[in-house]
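# Architecture at a glance
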Amino acid sequence: MDKSKLLNFLKRIDLFYGLKFDELKSVAESLIEKKYEPGEFLFKENQPRKNIFIIYEGEVELFKTTSSGQEKRLAVFTHGDFLGEGSWNETSRHYTCARVVTPTMVLILEKSYFKGNGPQAVTIFSNIVRVISRRMRYANFRIMNTTAQYESARVRKEHDLLGERDVPYEYYYGIQTIRAIENFNISGVTLNFYPRLINALVIVKKSAAYANFELGLLKENVYKAIIQACDEILSGRYQFHFVVDMIQGGAGTSTNMNANEVIANRALEIMGYEKGQYKYCHPNNHVNLSQSTNDAYPTAIKLALISSNDSLLVDIEKLIGAFRKKAKEFANVIKMGRTQLQDAVPMTLGQSFEAYATTLDEEVTRLEENAKLFLEVNMGGTAIGTGINADPKYSKKVIQHLRRISKLPVKNARNLVEATQDTGSFVMYSSAIKRLAIKLSKISNDLRLLSSGPRTGLNEINLPPVQPGSSIMPGKVNPVIPEVVNQIAFKVIGNDLTVSMAAEAGQLELNVMEPVIVQSLFESIEMLKNGISILRTKCVTGITANVEHCKEMVENSIGIITALNPVLGYETSSSLAKEALETNQGVYQLVLKKKLLTKKELDLLLSPEHMIKPYSLKTKKK
């Protein structure tokens, strides 16, 4: 290989950062060039580390073998990457395999090099430590997950107004996202936990690119690359590069920049450039053109909430259907209704379950009404609603594209200054999902009470047993599904208070507390969706009725005296109720014993059709 070409290549390798020319030349003279064919291994798991491998051309896949013998790919390394940096350690072994994918040229630096080249060895050791430290840092920031790429040691340098930083080469985000990761390690829940929010952000960016191109503000090649990058993200690719914590300072700027950087870097690749070559496609100058975080971020939030609400409604409708099915199944099961936990009047178990279906049906309407508030956005308002740095025609154009791409009838607010600072729609929607949570909690309370016992409680229904209930009491089974729904409700109610406080904390032309509003709303929706689904599948659909027990409680209840009140009169009925309590007799037996009604008359009055709905009082005893 040509020596000057080799030296230029080595200068760009992070492993040799800081070496003087003579030292770099010494390294170059020590390298061994070797070609590998597809399928050959640079090293295998558990083999001793002997060499550092620098890829000059070709592709090498890094993988690990699982306990079941399957291969799990961690990453693909290409031109400029290096592997085996732990070779300086005498006892270290490889914990992964490196296999060649395409014909590959590798430059090998043997372990023996470090024994005879003191000064440059120290510099290389320092770089190796920096690489390992960076890997550990990102692990500590909890961005590593089952779909994250294995990080190579290759980096690119980026700068912002605070200075210069190394960004891992694999990552599509840039320096501002790096700073956000470091500053806001708060909840551990990152943007990629909510794909609908990512998609909404990308839809906003895509709409802006269309509008800017039509206004002649974007060159065609840049515009096309941005659109393609957006489409790829919308298809599910690159979503795990959205790594900023949901709770953050800066009114959402970190979220906006995470999106801008990922889109810009993917667009650069599409255009044939390296990630980070922002003079060709810049996160701010091109992807964020004609926008501010203060109009792009809340607009994306609203689009995502509409989509999330639609998904929530599907789960609510399924739960309503499950309650209605049980209402029909239990239509003829007579039981006692209760007020203030005391016996009231008879009803059917089916009526109880139909009431649950109806009360949830009301919430569908409320949620639909409140979600419509999100159709009003502030795109084109930029920083504070005045539209600074945006073309006069931009606002109208971007709304047209938003409507087309999102397939939603979005519109701009009448006053963009007001819309930029107002969070009223979030408050209204949060209140609506709190109302849903409260109703679900009340229903869960009922299910726990109705299934209480089984011997010493109400025991009118049986909930499906899903797990043992105690570590000390054998045979105990608890109503754990309604219990978890109760706890979800408590969290949603707390999140609603957070939304209220954050909305109140707005100052002047912007509410900087929007990130915690967003986190609270999305967390509430996600928890409610999961809770509703579990309540339906693991509880409601498997509920059975204790028919005979319900009937016996009705017959032995003082409450059935109410059904006799129109015939016997209030005074007589009160006297009967008192005597029944004092003598521990049933009302039914006392009425027959005192010959106040015949058995036929009594059975008619206490029949289900008389006790569970209005009926004509013409049968009243003369």
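Residues numbered from 1 in each chain as written. Predicted model: local features only at pLDDT ≥ 70, side-chain atom pairs only at ≥ 80, totals over all residues. Heavy atoms only, no water.

## Remarks on the packing of helix α10 (residues 293-329) against helix α16 (residues 514-538)
The contact between α10 and α16 brings their axes to 9 Å, and the two run at 15°. If you check the angle between α10 and α16, you find them roughly parallel. α10 and α16 meet at a crossing whose hand is left-handed. Among the residues forming the contact of α10 with α16, the class breakdown is 17 nonpolar, three polar and five charged. (Axes fitted to C-alpha atoms, helices over the stretch in contact; angles between N-to-C directions. Helix = DSSP H or I, 4+ residues; strand = E, 2+ residues; numbered from the N terminus. Parallel < 35°, antiparallel > 145°, perpendicular 65-115°, else oblique. Left-handed = near helix turned anticlockwise from the far one by under 90°. Nonpolar A, V, L, I, M, F, W, Y, C, P; charged D, E, K, R; others polar.)

## Regarding the packing of helix α7 (residues 220-234) against helix α8 (residues 253-271)
Put simply, α7 and α8 touch, their axes get as near as 8 Å, and they point 115° apart. Considering only the axes of α7 and α8, their crossing is right-handed. Contact residues: N221, V222, A225, I226, Q228, A229, C230, E232 and I233 in α7; V262, I263, R266, A267, I270 and M271 in α8. The residue makeup of the contact of α7 with α8, split by class, is eleven nonpolar, two polar and two charged. (Contact = heavy atoms within 4.5 Å.)

## Describing the environment of Q120
Structurally, Q120 is set in helix α4 (residues 118-140). The class for Q120 is buried, based on a relative accessible area of 8%. Once residues lying within four places of it in the same chain are set aside, the contact partners of Q120 are L19, E23, S26 and Y113. (Buried < 20%, exposed > 50% of the residue type's maximum accessible area, 1.4 Å probe, protein only.)

## Remarks on the sheet that holds strand β4 (residues 60-65)
Spatially, β2-β7-β4-β5 is the arrangement adopted by the four strands of the open sheet, whose pairing is antiparallel. Two strands lie at the open edges of the sheet, namely β2 (41-43) and β5 (71-77), each paired on one side alone. Neighbour-to-neighbour, the strand axes of this sheet turn through a mean angle of 30°, independent of strand direction. Bridge count for β4 against β5 is six bridges, and the pairing is antiparallel. Within β5, the residue paired with K64 across the bridge is K72. (Pairing = 2+ DSSP bridges.)

## Observations concerning the state of the cysteines
Think of a disulfide as a covalent bridge from one cysteine sulfur atom to another cysteine sulfur atom. Tallying each qualifying case throughout the model produces zero disulfides. Its sulfur unpaired, C230 is 9.7 Å from the next cysteine sulfur, which belongs to C281. Accessibility expressed as a relative area gives 0% for C230, which makes it buried. (Disulfide = S-S within 2.5 Å.)

## A word on the pattern of salt bridges
Tallied over the full model, the rule gives 29 salt bridges. Measuring nitrogen to oxygen at the nearest pair gives 2.7 Å for the salt bridge that ties E460 to R338. Linking E460 in the loop between α14 (424-450) and β15 (461-462) with R338 in strand β11 (residues 334-339), this pair joins segments that are 122 residues apart in sequence. Via salt bridges that share partners, E232, R237, R266, E269 and K275 belong to a single interconnected network. (Salt bridge = Lys/Arg side-chain N within 4 Å of Asp/Glu carboxyl O.)

## Side note on a negative patch on the surface
A surface patch of negative charge is lined by D310, E317, D361 and E368. Of all elements in the fold, only α10 and α11 (349-371) reach the threshold of two or more residues within the negative patch. (Patch = residues over 30% accessible without salt bridge, like charges linked within 9 Å, V, L, I, M, F, W, Y side chains within 5 Å. Areas by Shrake-Rupley, 256 points an atom, 1.4 Å probe, with all protein chains shown as cover. Lys, Arg positive; Asp, Glu negative; His and termini not counted. Charge placed at Lys NZ, Arg CZ, Asp CG, Glu CD.)

## Brief notes about the pairing of strand β8 (residues 104-110)
The element β8 is extensively covered by neighbouring structure, given that six of its seven residues are classed as buried. As paired strands, strand β3 (residues 51-57) and β8 are joined by six bridges and run antiparallel to one another. Residue pairing across strands places I52 opposite L109, the latter belonging to β8.

## Considering the pairing of β4
Across four bridges, β4 lies against strand β7 (residues 97-100) in antiparallel orientation. When the bridges of β7 are listed, E61 appears paired with R99.

## A word on the sheet that holds strand β1 (residues 32-36)
Strands sit in the order β1-β8-β3-β6 across an open sheet of four strands; the sheet is antiparallel. The strands lining the two open edges of the sheet, one partner per strand, are β1 and β6 (82-83). As paired elements, β3 and β6 share two bridges and run antiparallel to each other. When the bridges of β6 are listed, F53 appears paired with L83. In this fold helix α1 (residues 3-11) packs onto β3 and β8, with an angle of close to 110° to the strand it touches most, β3.

## Quick word on the nonpolar core
I226 and L312 are the most contacted members of the largest nonpolar core, which has 115 residues in total. If one sorts the elements of this core by residue count, α10 sits on top with 16 residues. Those residues within four positions of L312 in sequence are excluded, and the remaining contacts are L367, Y429, I433, L436, I525, L528, K529 and I532. Among the nonpolar cores identified, the runner-up in size contains 24 residues, and L19, L31, F82 and I128 belong to it. (Core = buried A, V, L, I, M, F, W, Y, C linked by side-chain atoms within 4.5 Å.)

## Topic: unusual backbone geometry
The amide bond that connects G453 to the next residue, P454, takes the cis arrangement and shows omega of 5°. When you line up the elements, P454 lands in the loop between α14 and β15. Positive phi, normally seen in glycine, also occurs at A251, with a value near 60°. Following the sequence through the fold, A251 ends up in the loop between α7 and α8.

Read these as spatial facts, not as claims about activity.
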